[in-house]
Amino acid sequence: MAINSMTGYARVEGTHDAGDGAGEWQWGWEVKSVNGKGLDVRFRMPGGYEALEVPARKLIGSKLARGSLSVTLSVARRSAVKALNINRELIEQILELQAALEAEGKIYPSPPRLDSLLSVRGILETDEDPAQDAEQKDALLAALLKGLEDALAALSTMRAEEGGRLADMLSTHLETLSGLSASAKDTADLQPAQQRERMKQQIAELLEQSPPISEERLGQELALLATKADIREEVDRLDAHIDACRDLIDAGGVIGRKLDFICQELNRESNTICSKAASLALTNIGLELKSTVEQFREQVQNVE
């Protein structure tokens, strides 16, 4: 299995013929995806299509595991002539209100103008309901869900392609980390002479303390100094974490959370190597490790 990115975009358009002779329904799905901690889906749908949200969420959950998605649906009816309906009840209410105001002397009597009445919102209505018949409505919603499935397939293809590029970048960072780990080990092997000289100075400082330090305390301090001077455990753990990342990338699938956790461990070992460094060379290697781990972590944030 390959890894997938959480970044992608897809747009799918289509038509549906309701079979009522009033023209086709034109629809379009637009799906945008960016990185997220879990699967977060936000819908924008025209009025009258709210029933789609529940099955649409279920469909998305079956296709994707992580990502922040923005899903937009547009629907319009394509017909040469749209049926116009006149809201007669609203016209009667307007005329009754005018008569009442005239009787109270609040307005001058005047015949209502047709163009003024037709400009009132709600007087003229067009047949834009998803479907007047339940069977037609179900058929339209089924067609829209199939369109969403096609959009998700296109989105998944784009996320997979981006995931391939991510895998290459992550592997490059891991190669760099592996090389730095080897350099740290080589540099540490050259430290014994430096450490002996440094420990001699620290022991001399301890022996010069007043009152004199006890033999037991001196032994504890020497053990602590020796522990701080040894980075072999940190380098071994660093190598183990690098191998674990490689295994995850090779296995593929939904590995973003696991990689993110290992990044914390990589950063911990890099910090410890920096704190234990007794030479400028090892300090520089530790800083390079920290920088590379941060670059690796930034890319991991996009992995599903």
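Just above sits the structure.
Note that the structure is predicted; figures quoted are calculated from it, not measured.

Caption draft 1: Broad picture of helix α7 (residues 232–251). Under the 1.5 Å per step criterion, the end-to-end length of α7 is 29 Å for 20 residues, consistent within 8% with the ideal 28 Å. Looking at α7, one finds that the buried residues are E234, V235, L238, H241, I242, C245, L248 and I249. Down the axis, α7 shows its buried residues gathered within 145° of arc, on one side only. Opposite the buried face of α7, at more than 90 degrees from it, the exposed residues are R232, E233, D247 and D250. Looking one or two residues past α7, G252 carries a phi angle of roughly 75°, positive in sign.

Caption draft 2: Seen up close, the side chain of T292. Considering the arrangement of structural elements, one finds T292 in helix α9 (residues 280–300). The buried category is assigned to T292, whose relative accessible area is 5%. Beyond its immediate sequence surroundings of up to four residues, T292 is in contact with H173, T176, L177 and L180.

Caption draft 3: A look at the pairing of strand β3 (residues 39–44). Bridging between β3 and strand β4 (residues 67–78) involves 6 bridges; their strand directions are parallel. If you follow V41 over to β4, its bridge partner there is L69. Taken together, β3, helix α1 (residues 53–63) and β4 form a β-α-β motif whose crossover is left-handed.

Caption draft 4: Structural view of the sheet that holds β3. If you trace the 4 strands from one edge of the open sheet to the other, you get β1-β2-β4-β3, paired in mixed fashion. Across the chains shown, the open sheet's two edge strands, defined by having one partner strand only, are β1 (8–17) and β3. Each neighbouring strand pair of the sheet contributes to a mean axis angle of 15°, computed without reference to strand direction. Relative to β4, strand β2 (residues 24–34) is paired through 11 bridges, and the arrangement is antiparallel. By the bridge assignment for β4, G28 is matched with S74.

Caption draft 5: Layout of the environment of A65. Residue position: A65 is located in the loop between α1 and β4. For the pair A65 and V254, spaced 189 residues apart in sequence, the C-alpha separation works out to 7.3 Å. Look past the residues within four positions of A65 in its chain and what remains in contact with it is G38, L39, V254 and E304.

Caption draft 6: Just the packing of helix α8 (residues 256–276) against α9, in detail. One can describe the packing of α8 onto α9 by two numbers: an axis separation of 9 Å at closest approach and a directional angle of 165°. When the interaxial angle is binned, α8 and α9 end up roughly antiparallel. The handedness of the crossing between α8 and α9 is left-handed. The segment α8 lies against α9, with G256, L259, D260, C263, L266, N267, S270, N271, I273 and C274 engaging L282, T283, G286, L287, L289, K290, V293, F296, R297 and V300. Looking at the contact of α8 with α9, its residues break down into 11 nonpolar, 6 polar and 3 charged.

Caption draft 7: Structural view of α8. Taking 1.5 Å as the rise per residue, α8 with 21 residues should run 30 Å; its terminal C-alpha atoms sit 31 Å apart, in good agreement. Buried within α8 are the following residues: G256, L259, I262, C263, E265, L266, E269, S270, I273, C274 and K276.

Caption draft 8: A nonpolar patch on the surface, seen in detail. A cluster of nonpolar side chains, namely I86, L114, L118 and L124, defines an oily patch on the protein surface of about 350 Å² accessible area. Along the chain, L124 turns up in strand β6 (residues 124–126).

Caption draft 9: Representation of the state of the cysteines in the model. Here the structure, examined in full by the defined rule, presents 0 disulfides. Take C245: it sits in no disulfide, and the sulfur closest to it among the cysteines is that of C263, at 6.1 Å. Taking relative accessible area as the criterion, C263 reaches 2% and is therefore assigned buried.

Caption draft 10: Geometry of the pairing of β2. Where β1 lies against β2, 10 bridges are found, and the strand directions are antiparallel. Paired with D17 across the two strands is E24, which belongs to β2.

Caption draft 11: How the structure looks around the pattern of salt bridges. As enumerated under the stated definition, the model contains 16 salt bridges in all. Taking the shortest distance from any N to any O, the salt bridge between R42 and D40 comes out at 3.0 Å. Where K63 meets E149, a salt bridge forms, and the shortest distance between an N and an O atom there is 3.7 Å. Pair noted here: K63 is in helix α1 and E149 is in helix α4 (residues 134–189), with a separation of 86 residues, a long-range link. Exposure remark for E149: the relative accessible area of 32% places this residue in the partly exposed category. Because the salt bridges share partners, they merge into one network encompassing E233, E234, R237, E269 and K276.

Calculation criteria
- Residues numbered from 1 in each chain as written.
- Predicted model: local features only at pLDDT ≥ 70, side-chain atom pairs only at ≥ 80, totals over all residues.
- Heavy atoms only, no water.
- Helix = DSSP H or I, 4+ residues; strand = E, 2+ residues; numbered from the N terminus.
- Expected span 1.5 Å × (residues − 1).
- Buried < 20%, exposed > 50% of the residue type's maximum accessible area, 1.4 Å probe, protein only.
- Arc of directions from axis to C-beta.
- Contact = heavy atoms within 4.5 Å.
- Pairing = 2+ DSSP bridges.
- Right-handed = clockwise from strand over helix to strand, strands pointing away.
- Axes fitted to C-alpha atoms, helices over the stretch in contact; angles between N-to-C directions.
- Parallel < 35°, antiparallel > 145°, perpendicular 65-115°, else oblique.
- Left-handed = near helix turned anticlockwise from the far one by under 90°.
- Nonpolar A, V, L, I, M, F, W, Y, C, P; charged D, E, K, R; others polar.
- Patch = residues over 30% accessible without salt bridge, like charges linked within 9 Å, V, L, I, M, F, W, Y side chains within 5 Å.
- Areas by Shrake-Rupley, 256 points an atom, 1.4 Å probe, with all protein chains shown as cover.
- Salt bridge = Lys/Arg side-chain N within 4 Å of Asp/Glu carboxyl O.
- Disulfide = S-S within 2.5 Å.

Read these as geometric descriptors, not functional statements.
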